Amino acid sequence: MNNHYYKIMIISLVGCLLLGLMAQISVASVVSTGDFNKDFFVTWSPSHVNTSADGRIRSLKLDQESGSGFASNQMFLFGQIDMQIKLVPGYSAGTVVAYYLSSDQPNRDELDFEFLGNVIGEPYILQTNIFADGFDDREERINLWFDPTKDFHTYSILWNLHQIVFMVDWIPIRVYRNHADKGVAFPRWQPMGIKSSLWNGDSWATHGGRDKINWSKGPFIASFRNYKIDACVWKGNARFCRADSSINWWNKERFSTLTSIQRRWFKWVRKYHMIYDYCQDNQRFQNNLPKECSLPKY
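In this text, all values refer to a predicted model and were calculated from it rather than measured experimentally.

Colleague: Hey, could you go over the sheet that holds strand β2 (residues 49–51) for me, with residue numbers and the actual values?
Modeller: The seven strands lie next to each other as β2-β3-β14-β5-β10-β11-β12, forming an open sheet whose pairing is antiparallel. Edge positions in the sheet fall to β2 and β12 (171–177), since each of these pairs with one other strand and no more. The mean angle between the axes of side-by-side strands here comes to 20°, regardless of whether they run parallel or antiparallel. Sheet topology note: the strand β11 (residues 163–168)/β12 ladder contains six bridges and is antiparallel. Paired with Ile164 across the bridge in β12 is Tyr176.

Colleague: Can you lay out the pattern of salt bridges for me, pointing to particular residues and giving the numbers?
Modeller: Within the structure shown, the criterion is met by 11 salt bridges. With its nearest N and O atoms 3.6 Å apart, the salt bridge here joins Asp181 to Lys182. Given the relative accessible area of 65%, Asp181 is considered exposed. Residues Lys252 and Asp244 are paired through a salt bridge, measuring 3.2 Å at the closest nitrogen-oxygen approach. Within the structure, one salt-bridge network assembled from shared partners comprises Glu140, Arg174, Arg270 and Asp277.

Colleague: Any chance you could break down the sheet that holds strand β6 (residues 95–102) for me, citing the residues and the numbers?
Modeller: Spatially, eight strands are ordered β1-β4-β13-β6-β7-β8-β9-β15 in an open sheet, and the strand pairing comes out antiparallel. At either margin of the open sheet sits one strand with a lone partner, and together these are β1 (40–44) and β15 (274–277). Taken over all neighbouring pairs, the strand axes of this sheet differ in orientation by 15° on average, direction set aside. Bridge count between β6 and strand β13 (residues 193–200): eight bridges; the pairing is antiparallel. Within the sheet, the bridge partner assigned to Val97 lies in β13 and is Leu198.

Rules used throughout
- Residues numbered from 1 in each chain as written.
- Predicted model: local features only at pLDDT ≥ 70, side-chain atom pairs only at ≥ 80, totals over all residues.
- Heavy atoms only, no water.
- Pairing = 2+ DSSP bridges.
- Helix = DSSP H or I, 4+ residues; strand = E, 2+ residues; numbered from the N terminus.
- Axes fitted to C-alpha atoms, helices over the stretch in contact; angles between N-to-C directions.
- Salt bridge = Lys/Arg side-chain N within 4 Å of Asp/Glu carboxyl O.
- Buried < 20%, exposed > 50% of the residue type's maximum accessible area, 1.4 Å probe, protein only.

This is the structure in structure tokens:
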């Protein structure tokens, strides 16, 4: 795919998606204010969390003293979460920026974006993982097709009764389908909160822990802005969030699987940018891959 064709396709795709998003917003209940001070609280090291005067931009800092993090005030059951993030620039080996949903239960459900820092000249690695009923071991890794440290990019999770879709700038990079009827665990009962953190993962994050954090290159800073929480706020009863209604747009049939355009982009990501897929790791699972690996993604 040449650069000219790629740019045209991107512009076309973004235009179509924006139209779709506008239609969604007209019938959805957007519960975010856009103000980090109102929708989130600091969970770790307030001295390492900086928020703009208007509350619209928040940065996390990692140094030898501490990492940092924040979490949403509310819990949610199904919906779509978007967050624009600019990752740690320069030498970032050993650092991990995490942006995820988590239920915080012993048998927790969790949907993870983990951005693994790297040495200069090598790309950031995006790892996704899914915990369902307390079990994970579902890692996938891709190399991003742009430099995520130069500007903000949008990272999204669509979570409904049918599927979980991880997206980067609206391009689906991962799909986890609801195959609960076939005995595959799927997050569908536990509400989850939104969390972000920046921390020291140099025991494993870069080349299996070979490249460590170089503290002389710090402090390390990641920035967040323009989030949107379009989801069902947990009120103690799953029935309201599972209902088929105009407010719960994400449960509609048209969001039950990828569109034809999304499928083409999904296949492109898997073909050209995927570097690890747990469903292809027979050695790890001793030739007994998880059941979902043999089931359709859409």
